[in-house]
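Chains, contacts and geometry: an overview
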Amino acid sequence: MDLYEHQARELFEEHGILVPRAEVTDSPKKAREIARGLGGRTVVKAQVKAGGRGKAGGVRLAADPAAAELTARQILGMDIEGHPVRTVMLAQPVDIQAEFYVSYVLDRAAGRFLAIASAEGGMEIEEVAASRPEAVARVHVDPAEGVTSAKAAEIAEAAGLPPQTVDVLVRLWEVLVREDALLVEVNPLVRTTQGRIVALDGKVTLDDNACLRQSRWGAYGEAGDDDPLEAAAAAKGLNYVRLDGEVGVIGNGAGLVMSTLDVVAGRGARPANFLDIGGGASARIMADGLSVVLSDPAVKSVLVNVFGGITACDAVADGIVQALDTVRLTKPLVVRLDGNNAARGRALLDARAHPLVQQATTMDGAARRAAQLATTA
Ligand code: GDP
Ligand code: MN
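Before going into details, it helps to say that this report is about the structure given with it. Within every chain, residues take consecutive numbers counted from 1 along the sequence as written. Each chain gets a letter, beginning with A, and each ligand a number, beginning with 1, in the order they are written. The predicted nature of this model means local features are confined to residues of pLDDT at least 70 and side-chain atom pairs, given and counted, to a pLDDT of 80 or more, with totals for whole chains, interfaces and linings taken over all residues. Water and hydrogen atoms were dropped before computing side-chain values, which therefore reflect all heavy atoms in the structure.

**A look at the overall build of the chain**
Scanning the chain for helices and strands turns up 12 helices and 18 strands. Here the C-alpha coordinates of the chain stretch approximately 80 × 50 × 40 Å along the principal axes. The buried share of the chain, reckoned over its 377 residues, is 50%. When checking whether two residues touch, look at their non-hydrogen atoms; a contact exists if any pair is within 4.5 Å. Long-range contacts, defined as pairs at least 24 residues apart, comprise 68% of the intrachain contacts of the chain with a sequence gap of at least 6. Residue exposure ignores everything except the shown protein chains as possible cover, and the areas themselves are Shrake-Rupley values with a 1.4 Å probe. Of the accessible surface of the chain, which amounts to about 17,300 Å², a share of 51% is contributed by carbon and sulfur atoms. Across the chain, the mean location of the 40 positive side-chain charges is 4 Å away from that of the 49 negative side-chain charges. Numbering of helices and strands runs from the N terminus, with a helix taken as a DSSP run of H or I at least four residues long and a strand as a DSSP run of E at least two residues long. The buried label goes to any residue with under 20% of its type's maximum accessible area, the exposed label to any with over 50%, and the partly exposed label to all in between, with areas taken from a 1.4 Å probe on protein chains only. Think of it this way: Lys and Arg go in the positive column, Asp and Glu in the negative one, and His and the chain ends go nowhere. Here the site of a charge means atom NZ of a Lys, CZ of an Arg, CG of an Asp or CD of a Glu.

**A few points about the packing of aromatic side chains**
Centres within 6.5 Å are what make two rings of Phe, Tyr or Trp a pair, Trp counting through its six-membered ring; a difference in plane orientation under 30 degrees is then read as stacked, over 60 as edge-to-face, and the rest as tilted. For the coordinates displayed, the defined rule picks out two aromatic pairs. Seen in terms of ring centroids, tyrosine 104 and tryptophan 173 are 5.5 Å apart; in terms of plane orientation they differ by 90 degrees. Their pairing is edge-to-face. Of this pair, tyrosine 104 sits in strand 7 (residues 96-107) while tryptophan 173 sits in helix 6 (residues 165-178), and the two are 69 residues apart along the sequence. Exposure remark for tyrosine 104: the relative accessible area of 0% places this residue in the buried category. Its relative accessible area of 7% is what places tryptophan 173 among the buried residues.

**Digging into the nonpolar core**
What is meant by a nonpolar core is a set of buried Ala, Val, Leu, Ile, Met, Phe, Trp, Tyr and Cys residues, joined one to another through side-chain atoms within 4.5 Å. Membership of the largest hydrophobic core comes to 41 residues, with the highest contact counts inside it found for Phe12, Tyr104 and Val204. Per-element accounting of this core gives the leading share, eight residues, to helix 6. Beyond its immediate chain neighbours, meaning those up to four positions away, valine 204 contacts Met1, Asp2, Leu3, Ala8, Leu11, Phe12, Ala181, Leu183 and Val184.

**Overview of unusual backbone geometry**
Residue proline 188 is reached from asparagine 187 by a cis peptide bond, and omega for that bond is 10 degrees. The backbone of asparagine 341 shows a phi angle near 60 degrees, a positive value even though the residue is not glycine. Within the element layout of this structure, asparagine 341 appears in the loop between strand 17 (333-339) and helix 11 (342-352). On the accessibility criterion, asparagine 341 (29% relative accessible area) is partly exposed.

**Section: the environment of alanine 159**
Secondary-structure assignment places alanine 159 in helix 5 (residues 149-159). Once the C-alpha coordinates of alanine 159 and alanine 137 are considered, the two residues, 22 residues apart in sequence, prove to be 5.0 Å apart. Beyond its immediate stretch of four places on either side in the chain, alanine 159 contacts Ala117, Ser118, Ala119 and Ala137.

**Examining the coordination of the manganese ion (ligand 2)**
At the metal site, the manganese ion (ligand 2) is ligated by Asn187 (O) and Asp201 (OD), and these contacts range over 2.1 to 2.2 Å. On the criterion of sequence distance, the pair formed by asparagine 187 in strand 10 (residues 181-192) and aspartate 201 in the loop between strand 11 (197-199) and strand 12 (203-206) is long-range, its members being 14 residues apart. The exposure class assigned to asparagine 187 is buried, which follows from its relative accessible area of 13%. Metal donors were taken as nitrogen, oxygen and sulfur atoms no farther than 2.8 Å from the ion, or 3.2 Å where the ion is Na, K or Ca. Water is excluded, so coordination may look unfinished.

**Regarding the sheet that holds strand 6 (residues 88-91)**
Strand pairing in a sheet takes place through backbone hydrogen bonds and is either antiparallel or parallel in direction. Should DSSP find at least two bridges between two strands, the strands are taken to pair. Overall, antiparallel pairing links the four strands, which are arranged 1-6-2-3 in an open sheet. Bordering the open sheet on either side are strand 1 (22-25) and strand 3 (59-62), each of which pairs with just one other strand. The mean inter-strand angle of the sheet, taken between neighbouring strand axes irrespective of direction, is 25 degrees. Across four bridges, strand 2 (residues 42-46) lies against strand 6 in antiparallel orientation. Within strand 6, the position partnered with valine 44 by the bridge is leucine 90. Seen against the sheet, helix 2 (residues 28-37) touches strand 1, strand 2 and strand 6 and runs at an angle of roughly 170 degrees to strand 1. Axis definition: a line fitted to C-alpha atoms, limited for helices to the stretch in contact. Angles are taken between N-to-C directions and run from 0 to 180 degrees.

**A look at the site of ligand 1**
The nearness test applies per residue and asks whether one of its heavy atoms lies within 4 Å of the molecule or strand. Around ligand 1, 15 residues are found, and the nearest of them are Lys45, Arg53, Gly54, Val94 and Glu99. Polar contact criterion, stated in full: a pair of N or O atoms within 3.5 Å, where within protein one must be able to donate a hydrogen and the other to accept it, and residues adjacent in sequence count only if both atoms are side-chain atoms. Lysine 45 has a polar side-chain atom sitting 2.6 Å from an oxygen atom of ligand 1. Here an oxygen atom of ligand 1 sits 2.7 Å away from a polar atom, N or O, in the side chain of glutamate 99. Elements represented by at least two residues in the shell around ligand 1 include exactly strand 2, strand 7 and strand 10. Residue classes follow a fixed rule: Ala, Val, Leu, Ile, Met, Phe, Trp, Tyr, Cys and Pro count as nonpolar, while Asp, Glu, Lys and Arg count as charged, and any other residue, Gly among them, counts as polar. The class makeup of the residues in the shell around ligand 1 is eight nonpolar, three polar and four charged.

**Brief notes about the pattern of salt bridges**
Within this document, salt bridges are pairs made up of a side-chain nitrogen of Lys or Arg and a carboxyl oxygen of Asp or Glu, the two lying within 4 Å of each other. One pass over the structure, following the stated rule, counts 22 salt bridges. For arginine 132, the salt bridge is made with glutamate 120, and the minimal N-O distance between the two is 2.5 Å. Taken together, the positions of arginine 132 in the loop between helix 4 (125-131) and strand 9 (136-141) and glutamate 120 in the loop between strand 8 (112-118) and helix 4 put the pair 12 residues apart, joining distant regions of the chain. The class of glutamate 120 is partly exposed, set by a relative accessible area of 32%. For arginine 216, the salt bridge identified is with glutamate 179, shortest N-O distance 3.7 Å. Note that arginine 216 is positioned in the loop between strand 12 and helix 7 (228-235) and glutamate 179 in the loop between helix 6 and strand 10, a separation of 37 residues in sequence.

**A word on helix 3 (residues 65-76)**
To estimate the expected span of a helix, count its residues, drop one, and scale the result by 1.5 Å. When the terminal C-alpha atoms of helix 3 are compared, their 16 Å separation across 12 residues agrees well with the 16 Å that a helix rising 1.5 Å per residue should span. Turning to helix 3, its buried residues are Pro65, Ala68, Glu69, Thr71, Ala72, Ile75 and Leu76. Contacts made by the buried residues of helix 3 are with helix 2, strand 2, strand 3 and strand 6. Measuring from the backbone nitrogen of alanine 66 back to the side-chain oxygen at the start of helix 3 gives 3.1 Å, which picks out aspartate 64 as the cap.

Pasting the structure below:
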């Protein structure tokens, strides 16, 4: 899960990294008040989970509270890389002497974290990295050793960062470890004209696997930028990813669902989603899964592909039959049951005899049928 800048900023602050005073709002009128409270001049910043806000015009200086209101109104109407801007952050402006880039990111292949740092941070960092890779230092960090002062000094030295950044590098590592992040990035980390080191921007990607031990993350889940269907599915505990096709796909087991996506594509249609119900064949999970998939207007047909193992097919069929009582089926449903108790499962669905439900005995046959139904619908 990615955080908004203002959320990342809060984590930095809690770990003792200097950040400008700032406040978030969704209202231009409130922006004016906030600007007054911050001393008049502010930087108005779009809060979207996308990079390149500065280049898109989503980060702008406002000279006074009236300008802050006007600028907030303009930025709140923007769309940055497909992300509608719903809130803005107003921050006290900082006089910049130098802009640096620092980040820690998980390097899975190396089994290490990677510190990436440059004395030439700012909005052009991608160009710097492409044209002069030597200007960007890359230093591996052993996760068991972490970033000590000595390690931070090594990173700063490699990147040509001033010695005052060493403390920030250590604290940023603490953010990564304590907050269970896979990525923390500050661009720009600046030296102000007063010689202070301040984080002017922040990006944090949290490791979703840690959500059980991070109780505060519940508050992040309300983020309005994510796909509403994915949010609804997540709230129901479903493993759902929206795709851009027209065949809804439900299966048990990630591997089976992924191969089902391939087979649907092989039959000339595009999958509308990935939905793994895992070992959960209950009517409740089926009903939840079906209702999420059916509420995607792009879906023209739904394919349920189940291989019964520990979860027997008759339990899945029973789940589908019960789900049909609570979910109004509006699109054709193709069901393929195989494996443990498949015959009993098929008999249960036959007995229900729903006009929009049909069965197939093979995965390929089911995919072909679902693709046909989707493309002729
Ligand atoms: P991004 O484009 O999404 O990465 O947004 P940033 O928060 O990094 O802001 C873009 C650029 O705006 C930064 O690289 C800075 O050059 C500039 N900027 C942001 N805040 C301030 C500020 O307080 N003072 C000054 N002078 N420039 C700022
Ligand atoms: Mn930035």
